[in-house]
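These are the residues of each chain, in order.
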Amino acid sequence: MTFDKVKELMISTLSCDGDKIKPEATIADDLGIDSLDAVELVMALEEEYSIKIPDEELGNMETVGDIVSCVEKYKAQ
């Protein structure tokens, strides 16, 4: 499942608290991920899934669920 892999990457790349990573968790408020962390996470996701996530997608990612949806969208292409 994509969520589980995204969660793993968030823990390993950003040292996020795994207990806080839920689909509805907000990236900034709940997890404390800033814009530099978000870029680092996107790079890890791109490498893991061999996809390219356009920069403009970063602004659309507000929750962990948004990240999972974005990964699934670009994996399908």
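Since the structure is predicted, the reported quantities are computational estimates derived from the model, not experimental observations.

**With respect to the packing of helix H1 (residues 2–14) against helix H2 (residues 35–49)**
Then, number 1: Two elements in contact, H1 and H2, have axes separated by 10 Å at closest approach and are oriented at 130 degrees. One element, H1, and the other, H2, form an angle in the oblique class. Seen along the crossing, H1 lies across H2 with a hand that is right-handed. Note on element contacts: H2 touches H1 through Asp37, Glu40, Leu41, Ala44, Leu45, Glu48 and Tyr49, opposite Thr2, Lys5, Val6, Leu9, Met10, Thr13 and Leu14.
Then, number 2: Considered class by class, the residues forming the contact of H1 with H2 number eight nonpolar, two polar and four charged.

**Observations regarding the UniProt feature "modified residue: O-(pantetheine 4'-phosphoryl)serine" (unreviewed entry) in the protein chain**
Then, number 1: According to UniProt, the positions carrying the feature "modified residue: O-(pantetheine 4'-phosphoryl)serine" (unreviewed entry) are Ser35.
Then, number 2: The topology assignment puts Ser35 in helix H2.

**Things to note about the UniProt feature "domain: Carrier" (unreviewed entry) in the protein chain**
Then, number 1: Using the residue numbers shown here, the UniProt feature "domain: Carrier" (unreviewed entry) corresponds to residues 1–75.
Then, number 2: Each end of residues 1–75 is marked by a C-alpha atom, and these two atoms are 13 Å apart; helix forms 53% of the span and strand 0%.

Conventions and cut-offs
Residues numbered from 1 in each chain as written. Predicted model: local features only at pLDDT ≥ 70, side-chain atom pairs only at ≥ 80, totals over all residues. Heavy atoms only, no water. Axes fitted to C-alpha atoms, helices over the stretch in contact; angles between N-to-C directions. Helix = DSSP H or I, 4+ residues; strand = E, 2+ residues; numbered from the N terminus. Parallel < 35°, antiparallel > 145°, perpendicular 65-115°, else oblique. Left-handed = near helix turned anticlockwise from the far one by under 90°. Contact = heavy atoms within 4.5 Å. Nonpolar A, V, L, I, M, F, W, Y, C, P; charged D, E, K, R; others polar. UniProt positions renumbered as here; feature names shortened; annotations may be inferred.

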